[in-house]
Amino acid sequence: MAGGTYLVTGGAGYVGSHLVLALVERGDKVVVLDDLRQGHRDALPPGAELVRADIADRRALEEVFAGWRFDAVFHFAALSLVGESMREPLRYCAENVSNSLRLAEAAVKAGCLRFVLSSTAALFGNPERTPIDEAAKLAPTSAYGDSKLMVERGLDWADGAHGLRSACLRYFNAAGADPSGRIGEDHEPETHLIPLAIGAALGTRPPLTVFGTDYPTPDGTCVRDYVHVTDLADAHLRVLERLEHGSCRYNVGSGTGYSVREVIEAVERVGGRPVPHHFGERRAGDPAVLVASSQRLREDTGWSPKLGALDEIVRTAWAWHSAHPRGFDDRNKA
Ligand SMILES: NC(=O)c1ccc[n+]([C@@H]2O[C@H](COP(=O)([O-])OP(=O)(O)OC[C@H]3O[C@@H](n4cnc5c(N)ncnc54)[C@H](O)[C@@H]3O)[C@@H](O)[C@H]2O)c1
């Protein structure tokens with residue numbers, strides 16, 4: 001509901017900041033809990049309040065819930081690098097799971113019984129069929145994916161025991177930037193294809209490595225589903241309403257897959273410059289094709305991607321990166 005008060009953990013990060021913008025623009029009060037390990041103060045619009053703290057800090061959590069009466073929590077803050085999670089699985093499980101469940105516990109204690117989790121397509125591991133709907137087997141192949149699954153399960157239990165209604169949104173690949181150009185993606189390290197390809201074209205990043213050209217796909221490179229980050233923010237607003245009917249789980253993607261080569265071509269088309277790249281070996285654990293079915297989300301909430309075309313996604317990302325070749329100003333000041 002508009003005119004509410006919301007806690008957004010990780011709201012200074014990439015996806016979270018786009019939701020914060022949407023909430024502030026429709027007149028909601030927003031408190032962002034973020035320790036800025038990856039996020040940016042400059043990603044927050046005027047009007048959003050930042051509490052700079054780690055979710056693991058129990059006292060900080062208590063103070064946040066004592067300070068405001070929240071209508072819902074949107075939980076973005078997490079460790080989210082698949083490769084890193086395979087090197088440090090215990091840290092990923094410990095941090096993602098315990099932080100999320102501690103947050104849910106604090107929400108329940110404060111009487112805030114609406115919770116929206118940033119979950120992931122990594123829950124599905126190597127899917128048996130495509131597009132991937134919510135009935136697909138949950139079989140994560142990374143500690144990162146498994147940590148999110150554990151959180152989803154904890155939230156199921158919290159619904160039964162405490163009436164905590166949760167929406168878990170399994171994002172596929174978030175991409176693009178706010179169409180007005182105010183905010184965009186700025187990760188370090190960056191692991192996502194579109195910013196890496198744009199950075200290679202702009203000369204702000206090294207040439208792109210394409211991992212694997214012998215996949216069983218039309219052009220041999222991996223196929224992924226890219227969902228515009230502004231459409232993703234819209235999905236959050238819609239599931240918030242949906243929570244009135246109970247907890248829910250949704251896969252969120254555009255429903256269309258694009259290969260790595262197609263993304264490179266789109267960046268070259270939109271930017272009018274070549275993307276320097278070379279071909280490397282497959283990366284362990286990369287499925288050939290990951291495309292979402294968001295049928296359930298569309299039917300239940302009326303959501304549909306407005307900025308879903310690949311060129312539109314790349315156009316907004318290109319506008320952001322070319323205007324901010326070094327990312328947010330706060331990174332430059334550091
Ligand atoms: N970006 C994607 O394509 C994608 C895909 C699937 C799922 N997700 C999930 O969406 C969420 C947001 O992703 P993103 O790309 O915006 O990530 P991000 O790293 O840009 O944002 C995460 C934010 O959380 C903050 N944070 C992390 N741990 C924290 C802690 N313990 N205490 C306080 N703040 C903390 C970081 O500073 C950062 O601002 C993550 O949970 C991620 O797993 C993202």
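Residues numbered from 1 in each chain as written. Predicted model: local features only at pLDDT ≥ 70, side-chain atom pairs only at ≥ 80, totals over all residues. Heavy atoms only, no water.

- Labelled according to an unreviewed UniProt entry, the protein appears under the name UDP-glucose 4-epimerase, originating from Craurococcus roseus.
- Reading the Cofactor (unreviewed entry) entry of the UniProt record for the protein gives the comment "NAD(+)".
- What UniProt states about the protein under its Subunit (unreviewed entry) heading is, verbatim, "Homodimer." (UniProt positions renumbered as here; feature names shortened; annotations may be inferred.)

**A short note on the pairing of strand 1 (residues 5–9)**
- With 5 of its 5 residues buried, strand 1 lies for the most part within the structure.
- Here strand 1 shows a buried face lined by Thr 5, Leu 7 and Thr 9 and a second buried face lined by Tyr 6 and Val 8.
- Pairing analysis gives 5 bridges linking strand 1 to strand 2 (residues 29–33), with the strands arranged parallel. The residue bridging Thr 5 from the neighbouring strand is Lys 29, located in strand 2. (Buried < 20%, exposed > 50% of the residue type's maximum accessible area, 1.4 Å probe, protein only. Helix = DSSP H or I, 4+ residues; strand = E, 2+ residues; numbered from the N terminus. Pairing = 2+ DSSP bridges.)

**A look at helix 10 (residues 310–323)**
- Helix length check: helix 10, at 14 residues, gives a terminal C-alpha distance of 20 Å against a target of 20 Å (1.5 Å per residue), a fit within 8%.
- Listed in full, the buried residues belonging to helix 10 are Leu 310, Ile 313, Val 314, Thr 316, Ala 317, Trp 318, Trp 320 and His 321.
- Turning to helix 10, the residues buried within the fold contact strand 7 (173–175), helix 6 (193–202), strand 9 (223–228), strand 11 (257–259) and helix 8 (260–271). (Expected span 1.5 Å × (residues − 1). Contact = heavy atoms within 4.5 Å.)

**Concerning the nonpolar core**
- Val 15, Leu 23 and Phe 74 are the most contacted members of the largest nonpolar core, which totals 35 residues.
- Listed by contribution, the elements that provide at least two residues to this core are strand 1, helix 1 (14–25), strand 2, strand 4 (72–75), strand 6 (165–171), helix 7 (229–242) and strand 10 (248–252).
- At 7 residues, helix 7 tops the list of elements feeding residues into this core.
- Listed in part, the 26 residues of the second largest apolar core include Ala 201, Tyr 258, Ala 288 and Val 314. (Core = buried A, V, L, I, M, F, W, Y, C linked by side-chain atoms within 4.5 Å.)

**Let's talk about the packing of aromatic side chains**
- The final tally for this structure, using the stated rule, is 4 aromatic pairs.
- On the basis of an interplanar angle of 65 degrees and a centroid distance of 5.7 Å, the ring pair of Tyr 6 and Phe 74 is categorised as edge-to-face. Of this pair, Tyr 6 sits in strand 1 while Phe 74 sits in strand 4, placing them 68 residues apart in sequence. Across the pair, exposure class does not vary: Tyr 6 and Phe 74 are buried alike.
- One aromatic cluster in this structure is built from Phe 65, Trp 68 and Phe 70.
- Here the guanidinium or amino end of Arg 282 rests over the ring plane of Tyr 215, the centre of that ring lying 4.0 Å away. (Phe/Tyr/Trp six-rings, centres within 6.5 Å; stacked < 30°, edge-to-face > 60°. Lys NZ or Arg CZ within 6 Å of the ring centre and 35° of its normal.)

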